[in-house]
Amino acid sequence: QVQLAESGGGLVQAGGSLKPSCAASGKVASVNSMNWFRQAPGKQRELVAAITGRGTTTYQDAVKGRFIISRDNGKNTVHLHMNSLHPELTAVYYCHPVVRNYRTFVPEAYWGQGTQVTVSS
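Just so you know, these numbers come straight off a predicted model, no measurement behind them.

The rules we used
Residues numbered from 1 in each chain as written. Predicted model: local features only at pLDDT ≥ 70, side-chain atom pairs only at ≥ 80, totals over all residues. Heavy atoms only, no water. Salt bridge = Lys/Arg side-chain N within 4 Å of Asp/Glu carboxyl O. Buried < 20%, exposed > 50% of the residue type's maximum accessible area, 1.4 Å probe, protein only. Helix = DSSP H or I, 4+ residues; strand = E, 2+ residues; numbered from the N terminus. Contact = heavy atoms within 4.5 Å. Polar contact = N/O pair within 3.5 Å; in protein donor to acceptor, adjacent residues only side chain to side chain.

**Some remarks on the pattern of salt bridges**
Evaluated as defined, the whole model comprises two salt bridges. Taking the shortest distance from any N to any O, the salt bridge between Arg38 and Glu46 comes out at 2.9 Å. On the basis of relative accessible area, Glu46 is assigned to the partly exposed category, the value being 32%. Between Lys64 and Asp61 there is a salt bridge, with the nearest N and O atoms lying 3.1 Å from each other.

The following block contains the structure:
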């Protein structure tokens, strides 16, 4: 019914930038909040950044000033602009949008497949 496609992770040197993206497709009626989580090896998954349907953003303290979350409502896509990366930010990054599908119109949260971000020192 609803599919998520993540892209844009990769390997980058410390100080570099990446821009993971996540697009929702299928029977998407609307997308409410769009969020990015990350999970480092041996650690719990944690919220990194969120953006509401109206564009209000929140960030984890560790990424404030480094990351910018943005969305393209026409394409049901969320981006995470990652700047000044350092090795401690290495993790798998997951998008987590809240979507209303055409079948139920009930908001449901979905998980992307994850995209690996590796920052070398």
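**With respect to the environment of Ser70**
Relative to the assigned elements, Ser70 resides in strand 8 (residues 67-72). Distance in space between the C-alpha atoms of Ser70 and Thr56 is 9.7 Å, their sequence separation being 14 residues. Those residues in contact with Ser70 that lie beyond four places of it in its chain are Ile51, Thr77, Val78, His79 and His81. Among the polar contacts made by the side chain of Ser70, one reaches the side chain of His81 at a distance of 3.0 Å.

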